[in-house]
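Overview (structure and organization)
Here's the letter readout for the chains.
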Amino acid sequence: MGYPLTWALVIATYMRPHILPTCLRLAAKQTSPPTEIIVVDGSPDWQEMHAKIKKEFSESFPDIKLIYEKAIKLSSSWQRNQGIKLATTDVLFLIDDDSLMYPNCAEEIMKVYSADINKDILGVSSMETEELPEFDKIDSGANLLKPPSHHPKQTLLRRFVKKILHTRSVEFLPYDGDYPKHILPKHLESLNIGIIPYMTGSRMTLRKEAVEKEMFTEVIKRYGAAEDQDLSYRVSRHGLIVNAIDAYLCHLEISGGRLTTFQVAILEALTPAVLQQFYSNDLAFVNKKWRSMLWKRCFIRVIKNLSERKFSLSEPRGILYAIFKLPEIHKRSGEELMNWYGEFQSNLFDKKSS
């Protein structure tokens, strides 16, 4: 038998007025509704959205506690931590502001937590689908938003790249050389779940006590490259991370146009290297392994970009730039790295498109 638990939605957002209300509304309309919805908004006009959301919730969802705050710092990690500290529930849904939950998504996830009376499971991820959930009339505008295709046309060259060079391999390096080995307890085997190594932030949920032990890393500014894999991997050192196979959401992956492809490629290559310095138990191994992975990634992205006629080669150029920055990361202590990488990111964000 399960036991009753409460959950809160914690959203870090920035300049998403066209989709944030729908994200929050679908969460509020869950068959198992949240106790709290917490939004930390980094937008310059955040008060306008606050007023709009507050009015709707007071009229339509009076039983849900709404907390809507200005971000202390414009950073996905910092904003999520700000929201986590405000939450008072057992479970936190840390999804993206463009993640649209199916009506029973929360119910299916909370079934897993409730059945796990020994708290062996610390995190539960929903399943992702490209199909939009159904909307009420009030959400009709959201029907104009179509999720992007995750399956680009498979040319012979692209199929060769996938098969020979394994482009779909995970681009996260476990800090301890491998993922923790956990076994699903027998009393949970009847649940429709599967053990996973880590979660993506678009569909992440965690027990509050588990996330409070680790928290999102605050070395990351603005673009949260690897923040979700990092946190959920560190949590997985303490217990199970699973998929709830009957829980679905649609992640629209809306581009905000905030950073260039070149900048994103740099951050996706350098941020994991920085996090390895903080959390790895075998730096010599992971530093060498990550450099090797980046050279492979660079080669793959050259072929991929050429196959897609992206002749500027922004992604591989960004990765190559990052590779030659790695020694500057490896030679610094944690405190030095916190200051250096913060300044590096600020300078990178200030650069014009490349």
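One can find the structure itself at the top, above this paragraph.
Residues numbered from 1 in each chain as written. Predicted model: local features only at pLDDT ≥ 70, side-chain atom pairs only at ≥ 80, totals over all residues. Heavy atoms only, no water.

Examining the pattern of salt bridges
Opposite charge on two side chains allows them to pair when their charged atoms are near. Note the following rule: Salt bridges, as used here, are contacts in which a Lys or Arg side-chain nitrogen is within 4 Å of a carboxyl oxygen on Asp or Glu. By definition, any uninterrupted DSSP run of H or I lasting at least four residues is a helix, any uninterrupted run of E lasting at least two residues is a strand, and each is numbered from the N terminus. Summary of the burial criterion: residues with accessible area below 20% of their type's maximum are buried, those above 50% are exposed, and those between are partly exposed, where the area comes from a 1.4 Å probe applied to protein chains only.
As enumerated under the stated definition, the model contains 19 salt bridges in all. R237 serves as the salt-bridge partner of D176, at 2.9 Å between the closest nitrogen and oxygen. Of this pair, D176 sits in the loop between α5 (156-165) and β7 (193-195) while R237 sits in the loop between α7 (227-236) and β9 (240-251), and the two are 61 residues apart along the sequence. With a relative accessible area of 30%, R237 lands in the partly exposed category. In this structure, the salt-bridge partner of D230 is R234, at a minimum N-O distance of 2.8 Å. Of the two residues, D230 and R234 both sit in helix α7, four residues apart, roughly one turn of that helix. We note that D230, like R234, is buried. Bridged by salt links that share partners, the residues R16, D97 and D98 form one connected network.

Examining helix α1 (residues 20-28)
For clarity, the cut-off: Here, two residues are considered to be in contact whenever any of their heavy atoms come within 4.5 Å of each other.
For α1, a buried count of nine out of nine residues is recorded, marking the element as mostly surrounded by other parts of the structure. Within the sequence span of α1, burial applies to L20, P21, T22, C23, L24, R25, L26, A27 and A28. Looking at the buried residues of α1, the elements they touch are β1 (7-13), β2 (36-41), α2 (46-60), β3 (65-70) and β5 (99-101).

Considering the packing of helix α8 (residues 261-279) against helix α12 (residues 334-350)
Inclusion rule: Note on method: axes are straight lines fitted to C-alpha atoms, helices fitted across the in-contact stretch only, with angles between N-to-C directions ranging 0 to 180 degrees. Each angle is binned into one of four classes, with values under 35 degrees roughly parallel, values over 145 roughly antiparallel, values of 65 to 115 roughly perpendicular, and all other values oblique. All amino acids are sorted into three groups, where Ala, Val, Leu, Ile, Met, Phe, Trp, Tyr, Cys and Pro are nonpolar, Asp, Glu, Lys and Arg are charged, and the leftover types, Gly among them, are polar.
Two numbers describe how α8 lies on α12: the axes approach to 11 Å, and their chain directions differ by 170°. With respect to α12, the element α8 is oriented roughly antiparallel. Together, Q263, I266, L267, L270, T271, V274, Q277 and F278 of α8 and G334, L337, M338, Y341, F344, Q345, L348 and F349 of α12 make up the contact between the two elements. A per-class count over the contact of α8 with α12 returns eleven nonpolar, five polar and no charged.

Some details on the packing of aromatic side chains
Rule in force here: For this analysis, a ring pair means two rings from Phe, Tyr or Trp (six-membered ring only for Trp) whose centres lie within 6.5 Å, classed as stacked if their planes differ by under 30 degrees, edge-to-face if by over 60, and tilted for the remaining angles. We call a charge positioned above a ring when the Lys NZ or Arg CZ atom is no farther than 6 Å from the ring centre and deviates by at most 35 degrees from the ring normal.
Counted by the stated rule, this structure contains 17 aromatic pairs. Taken together, a centroid distance of 5.0 Å and an interplanar angle of 55° make the contact between F57 and F61 tilted. A single burial state applies to F57 and to F61, both of which are buried. Look at Y175 and Y279: their rings are 5.8 Å apart centre to centre, the planes differ by 35°, and that puts the pair in the tilted class. You can see Y175 sitting in the loop between α5 and β7 and its partner Y279 sitting in helix α8, a full 104 residues away along the chain. By relative accessible area, Y175 is classed as buried at 1%. Three or more aromatic residues joined by ring pairs form one cluster here, namely F172, Y175, Y179, Y198, Y233, F278 and Y279. Of note, K73 hangs over the ring of W78, and the distance from its end group to the ring centre comes to 3.9 Å. Lying over the aromatic face of Y279, R234 brings its terminal NZ or CZ to 4.2 Å of the ring centre.

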